[in-house]
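Chain by chain, the residues run as shown.
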Amino acid sequence: MTIWIASGNRQNWEVVKRDNIWGVPKRGKGLHSRVKAGDTILMYARSETHTKEVLPSVILGEFKVIELFEDNKPLFTAPPQMGDEIFPYRFRLKPV
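To start, this report covers the structure provided alongside it. What you see is a predicted model; the values in this text were computed from it and never measured. (Residues numbered from 1 in each chain as written. Predicted model: local features only at pLDDT ≥ 70, side-chain atom pairs only at ≥ 80, totals over all residues. Heavy atoms only, no water.)

### Description of the sheet that holds strand β3 (residues 40–45)
Here is step 1 of the chain: The five strands lie next to each other as β1-β3-β6-β7-β2, forming an open sheet whose pairing is mixed. Unpaired on one side and paired on the other, β1 (3–8) and β2 (21–24) mark the two borders of the sheet. Shown here is a sheet whose adjacent strand axes are inclined to one another by a mean of 40°, direction ignored.
Here is step 2 of the chain: Taken together, the six bridges between β1 and β3 define a ladder with parallel strand orientation. From the neighbouring strand, A6 faces β3, where its bridge partner is M43.
Here is step 3 of the chain: Set on the sheet, helix α1 (residues 10–19) makes contact with β1, β2, β3, β6 (58–70) and β7 (89–95); between it and β6 the angle comes to about 60°. (Pairing = 2+ DSSP bridges. Helix = DSSP H or I, 4+ residues; strand = E, 2+ residues; numbered from the N terminus. Axes fitted to C-alpha atoms, helices over the stretch in contact; angles between N-to-C directions. Contact = heavy atoms within 4.5 Å.)

Pasting the structure below:
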């Protein structure tokens, strides 16, 4: 079993909590092929500034990987520098 850290923003964290799915970008295909069912993913949110409040970096949750799959349905919000990325390489998760 391997433990992975998945870095993202708080907006995509809401998707993870709601749907128990995490996605990686097209450039992350190599990572997607190394993750296995039963591995652990720690969800990490980077520091963000909202109005005058600074939200610190934090681990928001721990999940077990249940299944790996590909899906082109838009689900996540890409940061501006990633353009129209849809994060097609996905992991179905189970909260720990």
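Having seen it, we continue.
### Here we look at the layout of surface pockets
Here is step 1 of the chain: The volume enclosed by the largest pocket comes to roughly 380 Å³.
Here is step 2 of the chain: Taken together, 23 residues form the lining of the largest pocket, with S7, W22, G23, P25 and F87 sitting closest to its centre.
Here is step 3 of the chain: Only β1 and β2 provide two or more residues apiece to the lining of the largest pocket.
Here is step 4 of the chain: Ranked by residue count, the leading element in the lining of the largest pocket is β1, at five residues.
Here is step 5 of the chain: The class makeup of the residues in the lining of the largest pocket is 13 nonpolar, eight polar and two charged. (1 Å grid on protein atoms, 1.4 Å probe; cavity = no way out; pocket = protein on both sides within 12 Å on 5 of 7 lines; lining within 4 Å. Points joined across faces, edges and corners; volume = space filled by probe spheres on them. Nonpolar A, V, L, I, M, F, W, Y, C, P; charged D, E, K, R; others polar.)

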